[in-house]
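Geometric and topological summary
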Amino acid sequence: MLFLKNFFKKKNLEIHQRVAIPVLCYHSFQIAGTAYSQNDHTALEEDLRYLLDAQYRLISPLALAVALRQKNGALLTEKLACITFDDGMDFDYFDQEHKNAGVVKSFHTILNQSALLKNVVRNGAANAAATVAFMIASVEARQVIDQFCLGKNQFCDRWWRECAQQGIIGIGNHSWDHTYKTLDTVCQADNIKGSFHAISTYADADQQIRAAQDYLDSATGGCATPLFAYPYGDVSDYLVNEYFPNYEKEHRQLAAFSAGGEPVTQSSNLWALPRYVCGQHWRNPEEFRKIFLDLKVS
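Every value quoted in this text rests on a predicted model; they were computed, and no experiment measured them.

Topic: helix α2 (residues 40–53)
Helix length check: α2, at 14 residues, gives a terminal C-alpha distance of 20 Å against a target of 20 Å (1.5 Å per residue), a fit within 8%. What α2 keeps buried is the set D40, H41, A43, L44, D47, L48, Y50 and L51. Looking at the buried positions of α2, the neighbouring elements they touch are β1 (23–26), β2 (57–58), β3 (80–87), β5 (102–104), α5 (107–112) and α11 (285–293). Its side-chain oxygen placed 2.8 Å from the backbone nitrogen of H41, N39 serves as the N-cap of α2.

The structure is reproduced here in structure tokens:
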């Protein structure tokens, strides 16, 4: 009797744990060397190997959003992980030379070479890309950010359409200008920079999100992914409680991602889905594995 009790307790714990899905975030410009802790490309490649060995499957971010919207609990009980990228530097898509690391394989190449790409969960979103890179729409904003922060002309959109059509990395919405601190002006009524919490009116939100989606749709030939990621991980109360749920026809997003450092569950807010950020929530392979070993639903 005790054996059966312990058996079912173990099985219930396994099911309880698997309904928590980590959404991971990487930045392709994070290249200070070749070591895991210095290079998000090195980290991604090693993390994919771990997920494969641990028998995880990737779920497309769009498929995850659709499953949450449809309350598809059966799908969310699988052993799944979700991958996203922020800011959309050229290192997302092109293998390139880097002064700190030699020739760096792009995120696109790393994913394309991984066996995990053979069996991506796309339920309810048949054409969904396996992963999503969230892009800043404004050409001017990207040029200024590149000039002050990178200086390498590594922030263009010439590859977005081709990438979006290949099904490995989709092109998602990371706002119009990121309210980035080096810009002279940002799309916020009081020109408040360096925070997305200040986006608190319909006019600001419409420019930062709906106009950005219009540009992404045009740049990708209508293939942009209808998902949003908050700049800086800043979840604006107005956006999550008013704009996103009440103006879906205008902004056309199906979900929005923040940071947060916890897994997505069936009870997660669709407009503030948490993610784990490489370099912030984990910095080495041991910390990465701990995320998956510690998965629990509150």
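A look at the side chain of H174
In this structure, H174 sits in the loop between β7 (169–173) and α8 (202–219). Take H174: its relative accessible area is 1%, and that puts it in the buried class. In terms of polar contacts, H174 uses its side chain to reach the side chain of D87, at 3.2 Å. A polar contact is formed between the side chain of H174 and the side chain of H178, at a distance of 3.4 Å. In this structure, H174 is in contact with D86, D87, F134, M135, I136, F228, A229, Y230 and P231, ignoring residues within four places of it in sequence.

Some thoughts on the pattern of salt bridges
By the definition in use, this model includes eleven salt bridges. Linking R252 and D214 is a salt bridge whose minimum nitrogen-to-oxygen distance equals 2.7 Å. Note that R252 is positioned in the loop between α10 (248–251) and β9 (255–260) and D214 in helix α8, a separation of 38 residues in sequence. By relative accessible area, which is 32% here, D214 ends up partly exposed. K290 is paired through a salt bridge with D294; the nearest N and O atoms lie 2.4 Å apart. Each of D206, R210, D214, D217 and R252 takes part in one network of salt bridges that share partners.

A word on the nonpolar core
Counting 42 residues, the largest nonpolar core has Y26, L51, F85, W282, F288 and F292 as the members making the most contacts within it. When residues of this core are traced back to their parent elements, those giving at least two are β1, α2, β3, α5, β6 (131–135), α7 (160–166), β7 and α11. With five residues, α2 is the single largest residue contributor to this core. Apart from residues no more than four positions distant in its own chain, F288 is found in contact with L24, Y26, Y36, D47, Y50, L51 and W282.

Observations concerning the confidence of the model for the protein chain
For the protein chain, the average pLDDT comes to 91, and 92% of its residues sit at 70 or higher. Residue range residues 1–18 is modelled with pLDDT below 50. Its contacts to residues more than four positions away, or to other chains, number six contacts.

Concerning unusual backbone geometry
Even without a glycine there, the phi angle at K71 is positive, about 55 degrees. If you trace the backbone, K71 turns up in the loop between α3 (61–69) and α4 (73–76). K71 sits in the exposed class, given a relative accessible area of 73%. Even without a glycine there, the phi angle at R252 is positive, about 70 degrees.

Section: the environment of I171
Within the secondary structure, I171 sits in strand β7. Exposure remark for I171: the relative accessible area of 0% places this residue in the buried category. As for I171 and R122, which are separated by 49 residues in sequence, their C-alpha atoms are 16 Å apart. Contacts of I171, omitting those with residues within four sequence positions, involve V132, A133, M135, W159, W160, C163, A164, L216, T220, A224 and T225.

Criteria and cut-off values
Within every chain, residues take consecutive numbers counted from 1 along the sequence as written. Given that this is a predicted model, residues contribute local features only at a pLDDT of at least 70 and side-chain atom pairs are listed and counted only at 80 or more, while totals for whole chains, interfaces and linings are drawn from all residues. With hydrogens and water stripped out, all remaining heavy atoms of the structure feed into the side-chain values. Runs of E in the DSSP output that reach at least two residues are strands. Runs of H or I that reach at least four are helices, and both are numbered from the N terminus. What a helix is expected to span follows from its residue count: subtract one and scale by 1.5 Å. Residue burial is assigned from relative accessible area. The probe radius is 1.4 Å, only protein chains are included, and a residue is buried under 20% of its type maximum, exposed over 50%, and partly exposed in between. Here a residue-residue contact requires only that any non-hydrogen atoms of the pair lie within 4.5 Å. Contacts described as polar in this section are N or O atom pairs within 3.5 Å, which, within protein, must combine one atom able to donate a hydrogen with one able to accept it, while residues neighboring in sequence count only if both atoms come from side chains. Every case where a carboxyl oxygen of Asp or Glu lies within 4 Å of a side-chain nitrogen of Lys or Arg is listed as a salt bridge. For this analysis, a nonpolar core means a set of buried residues of the types Ala, Val, Leu, Ile, Met, Phe, Trp, Tyr and Cys, connected via side-chain atoms within 4.5 Å. You can read pLDDT as the predictor saying how much it trusts each residue, on a scale of 0 to 100.

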